[in-house]
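Understanding the architecture of this molecule
Below, each chain spelled out in residue letters.
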Amino acid sequence: MTRIELTSAAFSDHEAIPRRHTGEGDDISPPLAWSGVPDGTEELVLLCEDPDAPRGTFLHWLVTGIAPDSSGVEEGEAPPGGREWPNGFGRVGWSGPMPPPGHGPHRYFFRLLAVSEPLTLHGQVSSDSVHQALNGRKLAEGTLVGTYQR
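Residues numbered from 1 in each chain as written. Predicted model: local features only at pLDDT ≥ 70, side-chain atom pairs only at ≥ 80, totals over all residues. Heavy atoms only, no water.

So, the pattern of salt bridges
- As enumerated under the stated definition, the model contains 8 salt bridges in all.
- Residue Glu24 pairs with Arg19 through a salt bridge whose shortest N-O separation is 3.8 Å.
- The shortest N-O distance in the salt bridge between Arg137 and Glu117 comes to 3.2 Å. In this pair, Arg137 is assigned in the loop between helix 1 (127-134) and strand 10 (138-148) and Glu117 in the loop between strand 9 (106-115) and helix 1, connecting sequence segments 20 residues apart. (Salt bridge = Lys/Arg side-chain N within 4 Å of Asp/Glu carboxyl O. Helix = DSSP H or I, 4+ residues; strand = E, 2+ residues; numbered from the N terminus.)

Following this line, the structure appears as structure tokens:
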């Protein structure tokens, strides 16, 4: 599978996410930039998940339908052409890191996926349902990991 380069001007891979982008701060989404989207991409899908959450993988952001010719998203914005879905907090769009106090550092996986056909999602989505919908459709993927602890 082809690799998409995914970066942020706010933090480097496996480094701390600034408080500004967390539930303790301004709770605004970080800026992201990407390159290397392959030909044949029908849409891009963006996920941010916390696999270290006490009750299993927690969804912080899900955006489908992102324009395949886009190259990033500004801080606090929705990606071009994208549809934001409810996250694990029940809010549409970004909800930043807010791990339990004293739980240690959590990892936040930002994933940008190039897919060969639009995803079909309905109702309340979860990380599992999104990953199931992605099966057989992934052309390329990029990952950026940020950390945060309280």
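Focus on the packing of aromatic side chains
- On inspection of all chains with the given rule, the structure shows 4 aromatic pairs.
- Seen in terms of ring centroids, Trp61 and Trp94 are 5.4 Å apart; in terms of plane orientation they differ by 75°. Their pairing is edge-to-face. Of this pair, Trp61 sits in strand 6 (residues 58-66) while Trp94 sits in the loop between strand 8 (83-84) and strand 9, and the two are 33 residues apart along the sequence. For the residue pair Trp61 and Trp94, the accessibility class agrees, reading buried in each case. (Phe/Tyr/Trp six-rings, centres within 6.5 Å; stacked < 30°, edge-to-face > 60°. Buried < 20%, exposed > 50% of the residue type's maximum accessible area, 1.4 Å probe, protein only.)

Any functional reading would require information beyond the geometric quantities listed.
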